[in-house]
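# Overview (structure and organization)
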Amino acid sequence: MEYCHGPVGTTEGVTGLRWEMAPVLPLLLPLQPRIRLAQGLWLLSWILVLAGGLILLCSGHLLVQLLHLRTFLAPSCPFTVLPQVALAAGAVALSTGLVGAGASRASLDAAQYPPWRRVLGPMLAAGTAGGGGLLVLALGLALALPGSLDTGLEEGLGAAMAHYKDTEVPGHCHAKRLLDELQLRHHCCGRHGYKDWFGVQWVSSRYLDPNDQDVIDRIQSNVEGLYLIDGVPFSCCNPHSPRPCLQNQLSDPHAHPLFDPRQPNLNLWTQGCHGVLLGHLQGLASTLGSMLAVTFLLQTLVLLGLRYLQTALEGLGGVISGEGETQGYLFPGGLRDMLKTAWLQGGVAHRPAPEEAPPEEDLPEA
C-alpha cells in the first residue's frame with residue numbers, strides 16, 4: 001500500500017514570500033533627488049532644533065509661572081503636568097533635529113555615513129515612538145487641561161483669601177504677602193471683583209479690639225462669627241487714581257464725598273484675579289499648544305525624510321552617489337503580508353511532520 005502525502009509548505013517557501021512583498025509607499029529616488037532630499041533634510045532638521053528649543057523656553061516659562069502661582073491653584077489641579085510633559089517633548093524634538101542634521105549631512109559623504117548607518121534605524125524607531133508619543137501627549141494636554149484652570153483658580157484663590165488674615169499661622173503666614181503682590185502685579189482685586197472681600201474676614205483678630213462695640217456687633221451678627229466689613233486691602237487700590245485710596249465703607253454712598261460706589265474703577269482695580277490669571281495662563285497654554293503642533297509636523301517630516309533617505313541608501317550600500325536609481329520606502333512589506341508570513345512560519349515550525357509509513361513487505365505469491 002502506498003501513502004500519498006499532499007504538498008506541505010516548507011519554511012524555505014514561506015521565507016521566500018518576504019522578497020515578494022511590495023514595500024509600503026515606495027518612492028523612486030535617482031541621484032539628484034537623493035542629494036536634494038539630504039540637503040533639504042539638513043535644513044529642516046535645524047528648523048526642528050529651533051522649534052524644540054522654543055518649546056523648552058515656553059514650557060519652562062509656563063512652569064516658572066505656575067511655581068509662582070501655586071498658592072492660588074488648587075492642589076488637585078492637573079494643569080501643572082502640561083509644562084513638564086512639554087519640556088520632555090521639546091528635549092526629544094531638539095535631539096531628533098540634531099540627529100537628523102548629523103545624519104543628513106553625513107549621508108552626503110560616503111566616508112562619514114557608515115557609523116550612522118548602524119544606529120540610524122534604532123534612532124528613527126525611538127524618535128517615532130518616544131518623540132512622537134510625547135508630542136501627541138503634550139498637544140492633547142495643551143488642548144484639554146486649560147479647562148481645569150477655571151476650577152483650580154476658583155478654589156485656590158478662595159482659600160488664599162480665607163487665609164489672608166492668618167499672618168501668624170504656620171503654613172499660611174505668607175498668604176497675605178503673596179496675595180497683595182498678586183493684586184499689585186496683575187492689577188486685580190478679589191476673586192471676581194472687589195466685593196469678594198466683603199464676604200471674608202481679612203483683618204486678623206489680633207488687631208481687633210474685643211471691647212469695641214462695633215467689633216462685637218459685627219461678629220455677633222455673622223453666623224460663622226467672622227468680622228466682615230465693606231472694605232478691601234490696600235493692594236486693591238489703583239495707584240493711577242487721582243484721589244487718595246478709599247478702602248473702607250465702600251458700600252455707603254455717603255461715607256466719602258464725590259465717590260460713587262457704582263463706579264469703583266476710579267479708585268480700585270476693576271478686574272478679579274480669577275479672570276486675569278485664567279486669561280494669562282490659558283494664553284501661555286495656547287501659545288505652547290501652537291508650537292507643539294508645528295513641532296509635531298516638523299518632526300514628522302524629518303522622520304519620514306530620514307526613513308526614505310536611509311532605505312534608499314541601503315539599496316546603494318550606503319553611498320549616495322551610487323550609480324543607478326534606488327527606491328526609498330517606509331516599510332519593506334505590507335503589514336498584512338508581514339503578519340501572514342509570520343503566522344505561516346509559526347504554523348510550519350509547530351506542525352508535526354507526518355509519520356513515515358512502514359515499508360511494505362513483499363507478499364508471497366499464492
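Reading the values: rules and limits
Residues numbered from 1 in each chain as written. Predicted model: local features only at pLDDT ≥ 70, side-chain atom pairs only at ≥ 80, totals over all residues. Heavy atoms only, no water. Helix = DSSP H or I, 4+ residues; strand = E, 2+ residues; numbered from the N terminus. Buried < 20%, exposed > 50% of the residue type's maximum accessible area, 1.4 Å probe, protein only. Contact = heavy atoms within 4.5 Å. Areas by Shrake-Rupley, 256 points an atom, 1.4 Å probe, with all protein chains shown as cover. Axes fitted to C-alpha atoms, helices over the stretch in contact; angles between N-to-C directions. Parallel < 35°, antiparallel > 145°, perpendicular 65-115°, else oblique. Left-handed = near helix turned anticlockwise from the far one by under 90°. Nonpolar A, V, L, I, M, F, W, Y, C, P; charged D, E, K, R; others polar. Disulfide = S-S within 2.5 Å. Salt bridge = Lys/Arg side-chain N within 4 Å of Asp/Glu carboxyl O. Phe/Tyr/Trp six-rings, centres within 6.5 Å; stacked < 30°, edge-to-face > 60°. Core = buried A, V, L, I, M, F, W, Y, C linked by side-chain atoms within 4.5 Å. Patch = residues over 30% accessible without salt bridge, like charges linked within 9 Å, V, L, I, M, F, W, Y side chains within 5 Å. Expected span 1.5 Å × (residues − 1). Arc of directions from axis to C-beta.

Scanning the protein from N- to C-terminus turns up nine helices and two strands. For the protein, the residues scored as buried account for 37% of the 366 residues in total. Restricting the contact set of the protein to residue pairs at least 6 apart, pairs at least 24 apart contribute 76%. Entry remark: accessible area of the protein is about 21100 Å², with carbon and sulfur atoms responsible for 62%.

Moving on: the packing of helix α4 (residues 113-144) against helix α8 (residues 273-314). Packing of α4 against α8 leaves a shortest axis separation of 9 Å and a crossing angle of 155°. Classified by the interaxial angle, the pair formed by α4 and α8 is roughly antiparallel. Considering only the axes of α4 and α8, their crossing is left-handed. Tallied by class, residues from the contact of α4 with α8 come to 15 nonpolar, nine polar and three charged.

Take the state of the cysteines next. Per the stated rule, a full pass over the model turns up three disulfides. Here C188 engages in a disulfide with C273; their sulfurs sit 2.1 Å apart. The S-S bond linking C188 to C273 shows a torsion near 85°; that makes this disulfide right-handed. Placement of C188 in the loop between α6 (175-186) and α7 (213-220) and of C273 in helix α8 is noted, with a sequence separation of 85 residues between them. Residue class for C273 comes out buried when judged on its relative accessible area of 1%. Shown here for the protein is a disulfide pattern of 1-6, 2-3, 4-5, where each number marks a bonded cysteine counted in sequence order.

Quick look at the pattern of salt bridges now. On inspection of all chains with the given rule, the structure shows six salt bridges. With a shortest N-O distance of 3.3 Å, R218 and D214 are connected by a salt bridge. On the criterion of helical spacing, the pair formed by R218 and D214 is a turn pair, its members being four residues apart in helix α7.

The final tally for this structure, using the stated rule, is four aromatic pairs. Between Y164 and W202 the ring centres are 6.3 Å apart and the planes differ by 70°, which places this aromatic pair in the edge-to-face class. You can see Y164 sitting in the loop between α5 (148-162) and α6 and its partner W202 sitting in the loop between α6 and α7, a full 38 residues away along the chain. For Y164, a relative accessible area of 3% gives the class buried. You can call W202 buried: its relative accessible area is 13%. In textbook terms, an aromatic cluster arises when at least three aromatic residues are bridged by ring pairs, as seen for Y164, W197 and W202.

Here we take up unusual backbone geometry. One can expect most non-glycine residues to show negative phi and most peptide bonds to be in trans. You will see that H187, though not glycine, has its phi angle at about 55°, which is positive. Relative to the elements of secondary structure, H187 occurs in the loop between α6 and α7.

By size, the foremost hydrophobic cluster in this structure holds 53 residues, and its most contacted members are F79, L82, L182, W197 and V232. When residues of this core are traced back to their parent elements, those giving at least two are α2 (31-68), α3 (81-107), α4, α5, α6 and α8. When residues in this core are grouped by element, the largest group, nine residues, is from α8. With residues near it in sequence (within four places) discarded, V232 still touches C189, Y194, W197, F198, W202, Q247, L250 and L268. Of all hydrophobic cores here, the second largest spans 15 residues; its members include L48, A51, L298 and L303.

On the surface, a cluster of nonpolar side chains totalling about 470 Å² of accessible area is made up of W42, L43, W46, I47 and L98. Element by element, the count of residues in the nonpolar patch is highest for α2, at four residues. Looking at where L43 falls in the secondary structure, it is placed in helix α2.

Helix length check: α5 (15 residues) gives 22 Å between terminal C-alpha atoms against 21 Å at 1.5 Å per residue, within 8%. Where α5 is concerned, the buried positions are S148, L149, G152, L153, G156, L157, A160 and M161. Seen end-on, α5 carries its buried residues on one side only, within an arc spanning 165°. Buried-residue contacts for α5 involve α6 and α8.

The quantities given are spatial measurements derived from coordinates; they are silent on function.
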